[in-house]
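For reference, the chains in residue letters:
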Amino acid sequence: MENIDEVSTDMRITNKTFDVGRNDPCPCGSGLKYKKCCLGKKKAGAEKLRKRFADARRYNIRLKQKADIEGIRKAGRLVVDTLQLVEADIRPGLKTDEINTRVHEFTIRHHAVPAPLNYRGFPKSVCVSVNEVICHGIPGERVLKDGDIVNVDVTTILNGYYADANRTFFVGSPGPDARKIVSVAGECLRKGMAMVKPGNTIGDIGWAIQKHAEGEGCSVVREFVGHGVGFDFHEPPQVPHFGRKGTGPVLIPGMVFTIEPMINLGKKDLYVLEDGWTAVTRDGSLSAQFEQTILVTEKGFESLTPFSL
Ligand code: MF3
Ligand code: CO
Ligand code: CO
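Since we're looking at a predicted model, the values are computed, not measured. (Residues numbered from 1 in each chain as written. Chains lettered and ligands numbered in written order. Predicted model: local features only at pLDDT ≥ 70, side-chain atom pairs only at ≥ 80, totals over all residues. Heavy atoms only, no water.)

Draft legend 1. Seen up close, the coordination of the cobalt ion (ligand 3). In the first shell of the cobalt ion (ligand 3), the protein supplies D153 (OD), D153 (OD), D164 (OD) and E291 (OE), at 2.1 to 2.4 Å from the metal. One way to put it: the six donor atoms around the cobalt ion (ligand 3) meet at angles of 57 to 171°, and that makes the site irregular. (Donors = N, O, S within 2.8 Å, 3.2 Å for Na, K, Ca; no water. Tetrahedral: all angles 85-135°; square planar, octahedral: opposite > 155°, others 65-115°.)

Draft legend 2. Up close: the nonpolar core. Residues I205, F257 and I263 are the most contacted members of the largest nonpolar core, which totals 75 residues. For this core, the leading source of residues is helix α4 (residues 176-194), giving eight residues. F257 has contacts with V196, I202, I205, H227, G228, V229, V239, L251, Q292, T293, I294 and V296, leaving out every residue within four places of it along the chain. Within the second largest apolar cluster, eight residues are counted, among which are I134, V221, F224 and M262. (Core = buried A, V, L, I, M, F, W, Y, C linked by side-chain atoms within 4.5 Å. Buried < 20%, exposed > 50% of the residue type's maximum accessible area, 1.4 Å probe, protein only. Helix = DSSP H or I, 4+ residues; strand = E, 2+ residues; numbered from the N terminus. Contact = heavy atoms within 4.5 Å.)

Draft legend 3. Highlighting the site of ligand 1. Taken together, 15 residues form the shell around ligand 1, and within it M1, D153, H227, H234 and E260 come nearest. Between ligand 1 and the protein, one listed contact pairs an oxygen atom with a side-chain N or O atom of D164 at 3.0 Å. In this structure, an oxygen atom belonging to ligand 1 sits 2.9 Å away from a side-chain N or O atom of H234. Here ligand 1 loses 99% of its free accessible area of 340 Å² to cover by the protein chains. Counted by class, the shell around ligand 1 contains seven nonpolar, four polar and four charged residues. (Near = heavy atom within 4 Å. Polar contact = N/O pair within 3.5 Å; in protein donor to acceptor, adjacent residues only side chain to side chain. Areas by Shrake-Rupley, 256 points an atom, 1.4 Å probe, with all protein chains shown as cover. Nonpolar A, V, L, I, M, F, W, Y, C, P; charged D, E, K, R; others polar.)

Draft legend 4. Quick peek at the coordination of the cobalt ion (ligand 2). Protein-derived coordination of the cobalt ion (ligand 2) comes from D164 (OD), H227 (NE2), E260 (OE) and E291 (OE), at a distance range of 2.0 to 2.2 Å. In this structure, the cobalt ion (ligand 2) is surrounded by six donor atoms whose angles at the metal cover 52 to 161°, and the resulting shape is irregular. In primary-sequence terms, the residues that donate to the cobalt ion (ligand 2) follow D-x62-H-x32-E-x30-E. Between the two metal centres, the cobalt ion (ligand 2) and the cobalt ion (ligand 3), the spacing is 3.2 Å, with D164 acting as a shared donor. With D164 in strand β6 (residues 161-170) and E291 in the loop between β14 (287-289) and β15 (292-296), this residue pair connects regions lying 127 residues apart in the sequence.

Draft legend 5. Examining unusual backbone geometry more closely. A cis amide bond links P236 to the next residue, P237, at an omega of 5°. Tracing the backbone shows P237 in strand β9 (residues 235-239). Positive phi, normally seen in glycine, also occurs at N118, with a value near 70°. With respect to the element layout, N118 can be found in the loop between β2 (113-114) and β3 (127-130). A positive phi is found at H136, a non-glycine position, where the angle reads about 60°.

Draft legend 6. Summary view of the pairing of strand β5 (residues 149-158). Buried residues dominate β5, accounting for 10 of its 10 residues. Alternating positions in β5 separate into two faces, I149, N151, D153, T155 and I157 on one and V150, V152, V154, T156 and L158 on the other, with burial throughout. Bridging between β2 and β5 involves two bridges; their strand directions are antiparallel. Each bridged residue has a counterpart across the sheet, and for V113 the counterpart in β5 is I157. In this structure, β5 lies alongside β6, joined through 10 bridges in antiparallel fashion. Paired with T155 across the bridge in β6 is D164. The antiparallel hairpin formed by β5 and β6 contains two residues in its connecting segment, where N159 sits at a positive phi of about 50°. (Pairing = 2+ DSSP bridges.)

Draft legend 7. How the structure looks around helix α2 (residues 66-89). The end-to-end C-alpha separation of α2 is 35 Å, in line with the 34 Å expected for 24 residues at 1.5 Å each. Residues of α2 that are buried: D68, I69, G71, I72, A75, G76, L78, V79, V80, T82, L83 and V86. On the buried face of α2, the contacting elements are α3 (96-109), β5, β6, β10 (256-259) and β15. (Expected span 1.5 Å × (residues − 1).)

Shown next, in the form of structure tokens:
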């Protein structure tokens with residue numbers, strides 16, 4: 001996820017215009033071809049369309065074309081397969097660095113590149129975050145023990161396209177707190193995804209997530225947000241996991257971004273360890289997260305890193 005403190009220095013995305021072809025799906029979300037829909041329309045439809053494009057432009061959101069989407073989908077399939085491989089390995093006694101080795105080797109063997117390795121100085125190929133670690137855990141000598149929860153966050157570059165997803169696994173038999181936070185975090189992602197359709201906004205996603213998390217007595221991390229993805233690791237827009245309905249960029253087909261709520265069992269506050277990466281809950285409570293890479297379609301959304309929640 002993207003650290004919001006760093007966003008202003010990371011706006012490397014150029015202000016590209018996006019040209020919709022006559023035969024492309026209309027960005028208004030009707031499902032019709034552009035030429036059969038808003039192209040040349042004088043009134044409401046055309047006005048709405050201009051407004052929607054204006055948001056993509058204003059926020060420097062790079063829309064993805066068909067070939068790009070296929071590329072991200074392929075990268076996404078590899079990410080999901082990687083997570084499945086990891087799942088089979090998870091057991092008490094496993095060292096977090098062994099997860100790193102598995103992910104690294106599997107990725108390379110599939111002619112892909114692990115995006116985290118050397119990203120802004122990150123020293124490993126995957127993030128592994130145990131219990132009170134919210135995100136950006138660095139694989140190392142920590143040994144998983146029965147009752148732990150562990151998040152594994154995989155980002156893979158295949159043929160130049162990025163896909164990003166994570167899951168939180170149980171180690172051995174979970175206690176009630178572990179069950180609770182993992183189920184709330186999974187449901188938060190599901191409810192966030194359900195808000196994705198043309199005409200809704202980025203703010204609607206965060207609103208749905210926050211409502212569910214807080215309704216369950218949990219809290220939403222503010223410092224890290226979802227992000228556009230596909231051409232690069234972190235692109236506009238930012239996708240907060242909290243917020244107000246109807247705020248932020250309006251969604252249009254061709255947008256690709258992650259939703260990756262980090263949900264704490266206790267308070268939302270965090271701090272970052274001396275290593276400059278590991279973010280932990282300030283109160284030491286458990287934190288869980290799920291992430292998928294989501295494409296906005298004419299009808300709603302498609303996950304490019306699908307797994308059941
Ligand atoms: N995969 C994380 C995300 O969801 C980002 C990890 S950055 C790293 O955006 F450097 F720690 F790998
Ligand atoms: Co992400
Ligand atoms: Co990620």
